[in-house]
Amino acid sequence: MTLALTNAHVIPVVGDAFDGTIVVGDDGRIAAAGADVVVPEGAETIDLQGATVTPGLIDAHVHLGVNPEGDGAAASDTNEMTGPNQAAVRTIDAIDPFDEGFDVALAGGVTTVGVNPGSGNPIGGQATVLRTHGRIVDRMVLRAPAGVKSALGENPKRVYGEKKQTPSTRLGNAKIIREAFVAARNYMRRHEAAEPGKPVDVDLTHEALAAVLRGEIPWRQHAHRADDIVTAVRLAEEFGYRLVIDHGTEAHVVADYLAERGVPVLIGPLFTTKSKMELRGRSIANPGKLAAAGVEISIITDHPVIPINFLVHQASLAVREGLDERTALEAITINPARVLGIDGELGSIEVGKRADLVVWNGEPLDVMARPARVLIDGRTVYEYDRDARTERVAPREG
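Just so we're clear, the structure is a prediction, and the values are computed from it rather than from any experiment. (Residues numbered from 1 in each chain as written. Predicted model: local features only at pLDDT ≥ 70, side-chain atom pairs only at ≥ 80, totals over all residues. Heavy atoms only, no water.)

(A) Representation of the overall build of the chain within the structure. Along the chain, the regular secondary structure elements total eleven helices and 19 strands. Across the chain, contacts joining residues at least 24 apart in sequence account for 66% of those joining residues at least 6 apart. Total accessible area computed for the chain in this model is approximately 16,200 Å², and 47% of it derives from carbon and sulfur atoms. Within the chain, the 55 negative side-chain charges are centred at a point lying 7 Å from the centre of the 41 positive side-chain charges. (Helix = DSSP H or I, 4+ residues; strand = E, 2+ residues; numbered from the N terminus. Contact = heavy atoms within 4.5 Å. Areas by Shrake-Rupley, 256 points an atom, 1.4 Å probe, with all protein chains shown as cover. Lys, Arg positive; Asp, Glu negative; His and termini not counted. Charge placed at Lys NZ, Arg CZ, Asp CG, Glu CD.)

This is the structure we're talking about:
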């Protein structure tokens, strides 16, 4: 069934805002969007009465489904801390689609997430990109793997230092990563040199890192301190892979260095206290500083560290502290879509893209506003009744 959202104030993120209509085809993609769009005959019509529509929000760094709401640390599957190189593990194998956090995401207008392993290991495993509504994880997935998570700094130092194993220092963190990539590169060379038709042993750890070396997926580098961020760049330039900085608490200190190299930063969470040494430089003003220096930024919650429905509020307060409003919207839509490799499908309202849309009961960056309706592939999956103060999440399908 074709759907038409009429009398909408549309912020497409890519391009200028307009007042008009969005038409969603029966394939769940945007068929038309503009001020002069004619509603197709027989289309189901929803009159939005001037409400604002944006693309579905995207949080590129969460632990939804692997660290479920309300279940505590015992239920967490974020870290396989039985060895420092866990490149072969995949978050897709641990995501619980019935985690209450997925409904919390919809309430905040978040329709797509990047689920990462944790940061207890120098090499933590493979990330998954999926929608925030569904019943079967494999049918929710947009991209898997979508990157390999790595951690520098205090977390792996602490975990393995307590075990009296390498790494117990920053030197050891870099050593583990460097050795892993050398081994993966040697593995690739052996495969390339193998006789045609002759069976070659497959190693899942090397295969995951080979995908990074071939540029198929990015290296998702957890790093807070400026010196760790520079180490991440050093390693990336040594091995030639595509680098993304996750967290980037002190990235503003080396913003020019990152901008010169085109390294994007997924900054956040921004609402936390300075609970450890690496967070001393945390400030809600930092996104604005990075963007002003020419660094492409995305804002993240690291859910459940910060509840995922607060993603938009982090962007709002970053605007208060100097971030340009347009950049703030890009930082929770098209920029994370680009990092996750799904910007051809999502992240903006454009003809041909999937119809993941949020209808707001106010201006999106107004902290008093909230999603009134959330659509995924043109299907309403969440509604909020402001008068009754009630929420409705559609039954999980697929």
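(B) Structural detail: a negative patch on the surface. On the surface, a cluster of negative charge is made up of Asp 324, Glu 325, Glu 363 and Asp 366. Note on placement: Asp 366 falls in the loop between β16 (357-360) and β17 (371-376). (Patch = residues over 30% accessible without salt bridge, like charges linked within 9 Å, V, L, I, M, F, W, Y side chains within 5 Å. Salt bridge = Lys/Arg side-chain N within 4 Å of Asp/Glu carboxyl O.)

(C) Region of the structure containing the pattern of salt bridges. Tallying each qualifying case throughout the model produces 28 salt bridges. With its nearest N and O atoms 3.3 Å apart, the salt bridge here joins Arg 320 to Glu 321. Exposure remark for Arg 320: the relative accessible area of 62% places this residue in the exposed category. Under the relative-accessibility criterion, Glu 321 is labelled partly exposed at 37%. Here Lys 353 ties to Glu 350 by a salt bridge, and the two come within 3.1 Å at their closest N and O atoms. For Lys 353, a relative accessible area of 7% puts it in the buried group. (Buried < 20%, exposed > 50% of the residue type's maximum accessible area, 1.4 Å probe, protein only.)

(D) Representation of the packing of helix α4 (residues 170-193) against helix α5 (residues 204-213) within the structure. In contact at an axis separation of 9 Å, α4 and α5 are set at 90° when each is read in the N-to-C sense. With respect to α5, the element α4 is oriented roughly perpendicular. Only His 206, Glu 207, Leu 209, Ala 210, Val 212 and Leu 213 of α5 make contact with α4, whose side of the interface consists of Ala 180, Phe 181, Ala 183, Ala 184, Arg 185, Tyr 187, Met 188 and His 191. (Axes fitted to C-alpha atoms, helices over the stretch in contact; angles between N-to-C directions. Parallel < 35°, antiparallel > 145°, perpendicular 65-115°, else oblique.)

(E) Region of the structure containing the pairing of strand β9 (residues 128-131). Here β9 shows two buried faces, one formed by Thr 128 and Leu 130 and the other by Val 129 and Arg 131. In this structure, strand β7 (residues 110-115) lies alongside β9, joined through four bridges in antiparallel fashion. Residue pairing for β9: Val 113 is matched across the bridge by Leu 130. Here two bridges tie β9 to strand β10 (residues 141-143), and the two strands are oriented antiparallel to one another. Bridge pairing in β10 links Leu 130 to Val 141. (Pairing = 2+ DSSP bridges.)

(F) Local environment of the sheet that holds β9. Pairing is mixed in the open sheet, where four strands are placed in the order β6-β7-β9-β10. Only two strands of the sheet have a single neighbouring strand rather than two, namely β6 (57-62) and β10. Sheet twist, expressed as the average angle between the axes of neighbouring strands with direction ignored, equals 25°.

(G) Structural context of the nonpolar core. Phe 181, Trp 219, Tyr 241, Leu 258 and Ile 299 are the most contacted members of the largest nonpolar core, which has 77 residues in total. By residue number, the principal contributor to this core is helix α6 (residues 226-239), which donates seven residues. Beyond its immediate stretch of four places on either side in the chain, Phe 181 contacts Leu 209, Val 212, Leu 213, Trp 219, Phe 239 and Tyr 241. (Core = buried A, V, L, I, M, F, W, Y, C linked by side-chain atoms within 4.5 Å.)

(H) Representation of the packing of α4 against α6 within the structure. Contact pair α4 / α6: the axes reach a minimum separation of 11 Å and the direction vectors enclose 15°. If you check the angle between α4 and α6, you find them roughly parallel. Two packed elements cross with a definite hand, and for α4 against α6 that hand is right-handed. Contacts from Arg 170, Ala 174, Ile 177, Arg 178, Phe 181, Val 182 and Arg 185 of α4 reach α6 at Asp 227, Asp 228, Thr 231, Leu 235, Glu 238 and Phe 239. (Left-handed = near helix turned anticlockwise from the far one by under 90°.)

(I) Representation of α6 in the model. Taking 1.5 Å of rise per residue, 14 residues should cover 20 Å, and α6 covers 20 Å from first to last C-alpha, within 8% of that figure. Within α6, burial applies to Ala 226, Asp 228, Ile 229, Thr 231, Ala 232, Val 233, Leu 235, Ala 236 and Phe 239. Check the buried side of α6 and you find it contacts α4, α5, β12 (219-223), β13 (243-247) and α7 (255-261). Gly 240 occupies a position one or two residues after α6 and carries a positive phi of about 80°. (Expected span 1.5 Å × (residues − 1).)

(J) Broad picture of the side chain of Lys 149. Within the element layout of this structure, Lys 149 appears in strand β11 (residues 148-151). No salt bridge is formed by the buried Lys 149. Its closest oppositely charged neighbour is Asp 246, at 6.1 Å. At 2.9 Å, the side chain of Lys 149 and the backbone oxygen of Pro 117 are in polar contact. Once you skip the residues sitting within four places of it in the chain, Lys 149 turns out to touch His 61, His 63, Asn 116, Pro 117, Gly 118, Ser 119, Pro 122, Ile 123, Gly 124, Gly 125, Arg 220 and His 222. (Polar contact = N/O pair within 3.5 Å; in protein donor to acceptor, adjacent residues only side chain to side chain.)

(K) The arrangement of the sheet that holds β12 in detail. Judged by pairing direction, the sheet is mixed, and its six strands sit side by side in the order β8-β11-β12-β13-β14-β15 without closing on themselves. At either margin of the open sheet sits one strand with a lone partner, and together these are β8 (123-126) and β15 (297-299). Taking each pair of neighbouring strands and ignoring which way they run, the sheet shows an average axis angle of 25°. Across the sheet, α6 touches β12 and β13, and the angle it forms with β13 is around 160°.

(L) Layout of the environment of Val 381. By the secondary structure assignment, Val 381 is in strand β18 (residues 379-385). Sequence separation of Val 381 and His 133 is 248 residues, and the distance between their C-alpha atoms is 7.4 Å. In this structure Val 381 touches Leu 106, His 133, Val 374, Ile 376, Arg 392, Val 393 and Ala 394, once residues within four positions along its chain are discounted.

(M) Up close: the packing of aromatic side chains. Tallied over the full model, the rule gives five aromatic pairs. Taken together, the ring pairs in this structure connect Phe 181, Trp 219, Phe 239 and Tyr 241 into an aromatic cluster. Its end group placed over the ring of Tyr 384, Arg 370 keeps NZ or CZ at 3.6 Å from the ring centre. (Phe/Tyr/Trp six-rings, centres within 6.5 Å; stacked < 30°, edge-to-face > 60°. Lys NZ or Arg CZ within 6 Å of the ring centre and 35° of its normal.)

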